[in-house]
Amino acid sequence: MRSTILIIDDDEKIISMLRRGLAFEGYNVLTAMNGAEGLQQMLESEPDLVILDVMMPKVDGFEVVRRLREGGSTVPILMLTAKDEVENRVKGLDLGADDYLVKPFALEELLARARALLRRKGSSEQEGNRLVFEDIILDLDSREVIRGGHRLELTAKEFELLHLFMQNPKRVLSRDLIMDKIWGYDYSGESNVLEVYIAMLRQKTEEHGGKRLIQTIRGAGYILRGDS
């Protein structure tokens with residue numbers, strides 16, 4: 001069965017380019033010219049992936065993500081932004097977007113990220129109940145994370161990233177390995193999506209005074225370990 005992708009963007013040239021490229025790759029393509037129209041499309045159809053522009057009039061991309069996630073939707077979301085600013089990327093990811101691309105972008109990269117998000121959506125849940133490391137409890141059934149008695153509000157990608165670390169405690173994970181496991185495409189030195197997620201995950205796991213467990217190993221990657 002062909003996957004359906006919904007494009008929400010107020011730029012007709014972007015929509016036209018993406019519609020042609022995605023259709024050529026065999027996807028069913030739906031389009032919306034603004035956030036309100038996109039949310040209506042979500043009610044009328046069940047796309048497998050949403051490609052969402054940030055800067056739109058009336059209902060912007062951030063608000064679309066917020067409403068979808070608050071409504072319980074788990075559809076993968078790839079955000080497009082013309083603003084190459086960390087604050088905007090962090091906001092979108094923190095609201096629940098799964099990945100982002102900064103305009104202008106190459107169609108080939110967008111297609112690769114779309115394939116990766118669709119693969120993640122179709123993958124089966126890992127068996128088991130929960131993982132424990134120090135004072136962090138990660139429950140695979142409820143997808144809840146507790147640290148020191150406090151429930152942490154993690155996005156889907158943050159949960160996956162922490163899950164990967166807790167599956168491999170005290171083991172250095174390279175950037176390439178993490179990008180392949182979580183995003184499904186090769187790490188690019190021009191992209192700092194991993195660094196953004198690491199920073200957000202650290203902030204959330206340390207917000208109640210917890211010591212830093214996710215540590216940087218310069219030139220090698222990251223490790224989950226209990227020493228300071």
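Residues numbered from 1 in each chain as written. Predicted model: local features only at pLDDT ≥ 70, side-chain atom pairs only at ≥ 80, totals over all residues. Heavy atoms only, no water.

We now examine the overall build of the protein chain. Across its full length, the protein chain holds eight helices and 11 strands. On C-alpha atoms alone, the protein chain measures out to a radius of gyration of 18 Å, which is about the 17 Å that the 2.2 N^0.38 rule sets for 228 residues. Seen along its three principal axes, the alpha-carbon backbone of the protein chain occupies a region of about 50 × 35 × 35 Å. Sequence-distant contacts in the protein chain: of pairs separated by 6 or more residues, those separated by 24 or more amount to 58%. In the form shown here, the protein chain has an accessible surface area of approximately 11700 Å², with 47% of it arising from carbon and sulfur atoms. One way to put it: in the protein chain the 32 positive side-chain charges average out to a point 3 Å from where the 39 negative ones average out. (Helix = DSSP H or I, 4+ residues; strand = E, 2+ residues; numbered from the N terminus. Rg over C-alpha atoms; globule rule 2.2 N^0.38 Å. Contact = heavy atoms within 4.5 Å. Areas by Shrake-Rupley, 256 points an atom, 1.4 Å probe, with all protein chains shown as cover. Lys, Arg positive; Asp, Glu negative; His and termini not counted. Charge placed at Lys NZ, Arg CZ, Asp CG, Glu CD.)

Here the focus is the pattern of salt bridges. Summed over the entire model, instances satisfying the criterion amount to 17 salt bridges. A salt bridge links Glu70 to Arg66, with the shortest nitrogen-to-oxygen separation between them at 2.7 Å. Highlighted residues: Glu70 and Arg66, both in helix α3 (residues 61–70), separated by four residues, approximately one helical turn. By relative accessible area, Glu70 is classed as exposed at 61%. (Salt bridge = Lys/Arg side-chain N within 4 Å of Asp/Glu carboxyl O. Buried < 20%, exposed > 50% of the residue type's maximum accessible area, 1.4 Å probe, protein only.)

Next up on the list: helix α8 (residues 193–206). For α8, spanning 14 residues, the distance from its first C-alpha to its last is 20 Å, which sits close to the expected 20 Å at 1.5 Å a residue. Extensive coverage of α8 is indicated by the burial of 10 of its 14 residues. What α8 keeps buried is the set Val193, Leu194, Val196, Tyr197, Ile198, Met200, Leu201, Arg202, Lys204 and Thr205. (Expected span 1.5 Å × (residues − 1).)

Averaged over every residue, the pLDDT of the protein chain is 86; the share at 70 or more is 91%. Confidence, expressed as mean pLDDT per element, reaches its minimum in the protein chain at helix α4 (residues 86–95) with 81 and its maximum at strand β1 (residues 4–8) with 96. Confidence drops under pLDDT 50 across residues 123–127; counting only partners more than four residues distant or on other chains, this segment forms five contacts. (pLDDT = per-residue confidence, 0-100.)

Looking along the chain, the bond that leaves Lys103 and enters Pro104 is cis, with omega of -5°. Within the fold, Pro104 resides in the loop between β5 (99–102) and α5 (107–122). The backbone phi angle of Lys170 is positive, close to 60°, even though this residue is not glycine.

As for its placement among the helices and strands, Val50 is situated in strand β3 (residues 49–53). When its relative accessible area of 0% is taken as the criterion, Val50 is described as buried. The residues contacting Val50, other than those within four sequence positions of it, are Leu6, Ile8, Met42, Val75, Pro76, Ile77 and Leu78.

Moving on: the packing of helix α6 (residues 156–167) against α8. Interhelical geometry of α6 versus α8 gives an angle of 85° and a closest axis separation of 10 Å. What the angle tells us is that α6 and α8 run roughly perpendicular. Of the residues in α8, those touching α6 at Lys157, Glu158, Leu161, Leu162 and Phe165 are Leu194, Tyr197, Ile198, Met200, Leu201 and Lys204. When grouped by side-chain class, the residues that make up the contact of α6 with α8 number eight nonpolar, no polar and three charged. (Axes fitted to C-alpha atoms, helices over the stretch in contact; angles between N-to-C directions. Parallel < 35°, antiparallel > 145°, perpendicular 65-115°, else oblique. Nonpolar A, V, L, I, M, F, W, Y, C, P; charged D, E, K, R; others polar.)

Our next topic: the side chain of Asp53. Within the secondary structure layout, Asp53 lies in strand β3. Those residues in contact with Asp53 that sit more than four places away from it in its chain are Ile8, Asp9, Asp10, Gly61, Leu80 and Lys103.

So, on to the environment of Leu107. With respect to the helices and strands, the residue Leu107 is situated in helix α5. For the pair Leu107 and Ile77, spaced 30 residues apart in sequence, the C-alpha to C-alpha distance is 17 Å.

Another aspect to go through is the sheet that holds strand β9 (residues 150–152). Pairing is antiparallel across the open sheet formed by four strands, whose spatial order is β6-β7-β8-β9. In this open sheet, the two strands that pair with only one neighbour each are β6 (130–133) and β9. Pairwise comparison of adjacent strand axes, ignoring direction, gives a mean angle of 20° for this sheet. Relative to strand β8 (residues 144–147), strand β7 (residues 136–139) runs antiparallel, the two being bridged by four bridges. Across the sheet, residue Ile136 finds its bridge partner in β8, namely Arg147. Those strands touched by α6 are β6, β7 and β8, and its axis lies near 115° from that of β7. (Pairing = 2+ DSSP bridges.)

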